[in-house]
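Residues per chain, in single letters:
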Amino acid sequence: VATLRRERRRVVGNEKVGPYTLLRVSQGGLSPGTPGQFFMLEAPGRLLPRPMSVCLAPSGELAFLIDVVGPGTRALASLEPGDSLALLGPLGNGFRLDVARPLLVGGGIGIAPLPYVAGRLRGAPVVLGFRSDWHAEAAALLPGADVCVEPRLVTELVPVGRDVLACGPEPMLRALGEIAPGAQLAWEAPMACGYGACYGCAVEIDGMIKRLCVEGPVLFR
Amino acid sequence: MTMLLNASGCLDALTAPAVAQGLDAYVTKTVTLDARDGHVPVRIAETDAGMLNAIGLANPGVDRFLTRNLPELGRLGLPVWVSVGGFSADEYAELCSRLDDHAEVDAIELNVSCPNVESPAQGTAQIVAAARLATRKPIWAKLSAAVSDVAEVARAAEDAGADGLSLINTVRGLALDAQTLRPILSTDVGGLSGPPLKAVALAAVFTCYRATRLPIVGMGGVQSGRDVIELAAVGARHVALGTILFSDPDAPDRIRRELEHELRTRTYASLDDAYAIAHADSLSRATT
């Protein structure tokens, strides 16, 4: 059982990446955790924090990629340098990086944890899929990646025999589960707490109810 | 001595023991006779000022709870209250009877008000009376405030042998998806919690304190030390934290600090001074 660490940190940067926002926060005493782990970010003015995986962890900073889908993510994307917010984490289980032939697969905002993964798995190939050219501008976070835009699907870029580490929309993850045995898939669910208290993020895996926040978000197929 | 507890279903002490150890007693998620998976997603939704849940009493069932969870909970070193829920008075009685022999159980909370299951066919009085016959442990009846007369329900629980009241459970609410204008939760309607509940909780505690002699655990929208004082001032002997634990696992320590500060500012020796307000007011009301 990991101890919970919650700190109030300063925003040091807010940059647009295509339609997304890269929110950079001073690291303070927080550990960035392993790639694929996440933090609960206080969304100013909202009751509940929002779960965000670590996108980048340069020295002294934590960066999160935000897609504005509602009032909480809008509040987060509106934060400016000098503002502060409380962060709880790192939480959950990240990717296992000790794989022989890694391939990083991302779809849409699901690319969020991959830059941090790529920083640890230097040289690992990356394939990304987006719904539009505008969204695909976020591929700049992963230099050298193969990128496709709908109607082409990223799953068409996945060769056989690779150890897949993936994050993206549910249909993409389900498809990868079929074509890439042993894939490590990072799932998403609404969470109120992020540390196993609320049971809001429960999913059924092999007939067992599991909380994605403590059993995931990375699950093995 | 006033205790700070968690509201049932708002903390898993085995996953986050350090958070539980910041409380004076731990209340379990509701245990039922049989294991329950709970509702399919989506189970939670934020509202303008609160949140909705439709977890559906997900729990391992009493057998696994007793063999797997309870021994571990007993090792946490703090009193354990077990919340139980059933679909008939007999089920509550059986659950209480199963818990009765276990020394790790300090009290039993009867969840007679969960909004996410069909309401028990029998009334609160029948459930409490059946539970009373089945256990010597202290019984706390957790009531819903969403009834026309919560005092009547509280008196029924007292007459049936309850040792205390837990007030309040969530109230029914609904949230719509901004795009589709359809309910977000898989169950459509769920239990509303968080700050919108505080005024409802204050009213229920205020009313039940005057209607019965039972000690009350007050809960509903507690966010700060100030909220704890307010619940005490309307008659809560103890106070429980719910939704605030989701956004801030440090809330028990923070709220204690805020409470100390509030008490000093008011030159109160302890929270008993706030509790005494409820007592004095109810006496003056009784004599006029």
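Note that this is a predicted model, so its numbers are computed, not measured. Each chain carries its own residue numbering, running from 1 in the written order of its sequence. The naming scheme follows written order: chains are lettered A onward, ligands numbered 1 onward. pLDDT decides what is reported in this predicted model: residues at 70 or higher carry local features, side-chain atom pairs at 80 or more are listed and counted, and totals for whole chains, interfaces and linings draw on all residues regardless. Hydrogens and waters are ignored; side-chain quantities use all the structure's heavy atoms.

## Digging into the sheet that holds strand 5 (residues 80-84) of chain B
Residues and elements named next belong to chain B. Only strands joined by at least two bridges in the DSSP assignment are considered to pair. Each helix is a run of H or I in the DSSP string that is no shorter than four residues. Each strand is a run of E no shorter than two, and both are numbered from the N terminus. What the eight strands build is an open sheet, ordered 1-12-11-8-7-6-5-2; its pairing is parallel. Each end of this open sheet is capped by a strand with a single partner; those strands are strand 1 (4-6) and strand 2 (26-27). In terms of strand pairing, strand 7 (residues 139-143) meets strand 8 (residues 164-167) through four bridges, oriented parallel. Opposite Trp140, over in strand 8, you have Gly164 as the bridge partner. In what follows, residue pairs with any heavy atoms lying within 4.5 Å of each other are defined as contacts. Comment: axis = line fitted to C-alpha atoms, over the contacting stretch for helices; angle = value between 0 and 180 degrees taken between N-to-C directions. Along the sheet face, helix 3 (residues 89-100) touches strand 5 and strand 6 (105-111) and points at about 170° away from the line of strand 6.

## Brief notes about a nonpolar patch on the surface
Residue and element names in this part refer to chain B. A cluster of nonpolar side chains, namely Leu174, Leu176 and Leu181, defines an oily patch on the protein surface of about 300 Å² accessible area. Relative to the elements of secondary structure, Leu174 occurs in strand 9 (residues 171-174). Accessibility here uses a 1.4 Å probe with only protein chains present; expressed as a share of the type maximum, an area under 20% marks a residue as buried, one over 50% as exposed, and anything in between as partly exposed. The exposure class assigned to Leu174 is partly exposed, which follows from its relative accessible area of 44%. Within the patch definition used here, like charges are joined within 9 Å and nonpolar side chains (Val, Leu, Ile, Met, Phe, Trp, Tyr) within 5 Å, considering only residues with over 30% relative accessible area and no salt bridge. Only the protein chains shown count as cover for residues, and all accessible areas are computed by the Shrake-Rupley method using a 1.4 Å probe. Throughout this description, the term salt bridge denotes a Lys or Arg side-chain nitrogen within 4 Å of a carboxyl oxygen of Asp or Glu.

## Quick word on the interface of chain B and chain A
Opposite the 31 residues of chain B that make contact, chain A presents 23 residues. Roughly 2,300 Å² is buried in total at the junction of chain B and chain A, and carbon and sulfur atoms are behind 61% of that figure. Using a 1.4 Å probe, buried area is obtained as the accessible area two parts lose upon being combined, added over both of them. Considering only the surface of chain B that becomes buried against chain A, Ile44(B), Glu46(B) and Phe246(B) emerge as the three largest contributors, covering 26% of it. Our count for the chain B to chain A interface comes out at four salt bridges. Of the charged contacts in the structure, one is a salt bridge between Glu46(B) and Arg50(A), with a shortest N-O distance of 2.6 Å. Throughout this description, a polar contact denotes any pair of N or O atoms lying within 3.5 Å of each other; where both atoms belong to protein, one of them has to be capable of donating a hydrogen while the other can accept it, and for residues adjacent in sequence the pair is counted only when both atoms sit in side chains. Here chain B is connected to chain A by 11 residue pairs in polar contact (both at pLDDT 80 or more).

## Re the sheet that holds strand 11 (residues 184-186) of chain A
Residues and elements named next belong to chain A. One open sheet holds the six strands; their spatial order is 9-8-7-10-11-14, and the pairing between them is mixed. Each edge of the open sheet is held by one strand with a lone partner, namely strand 9 (146-149) and strand 14 (218-220). When the angles between neighbouring strand axes are averaged without regard to direction, this sheet yields 20°. Pairing of strand 11 with strand 14 involves three bridges; the strand directions are antiparallel. From the neighbouring strand, Ala186 faces strand 14, where its bridge partner is Val218.

## A few points about the pattern of salt bridges
In total, this model carries 23 salt bridges over all chains according to the counting rule given. Between Asp98(A) and Arg96(A) there is a salt bridge; the shortest N-O distance is 3.1 Å. Residue classification places Asp98(A) among the exposed residues on the basis of a relative accessible area of 56%. For Arg96(A), a relative accessible area of 47% puts it in the partly exposed group. One salt bridge in this structure joins Asp12(B) and Arg211(A), with 2.8 Å as the shortest N-O distance. Of this pair, Asp12(B) sits in the loop between strand 1 and helix 1 (17-20) while Arg211(A) sits in strand 13 (residues 208-211), placing the two residues on different chains. Relative accessible area serves as the criterion here: at 13%, Arg211(A) is assigned to the buried category. Taken together, the shared-partner salt bridges in this structure form one network comprising Arg6(A), Asp248(B), Arg254(B) and Glu258(B).

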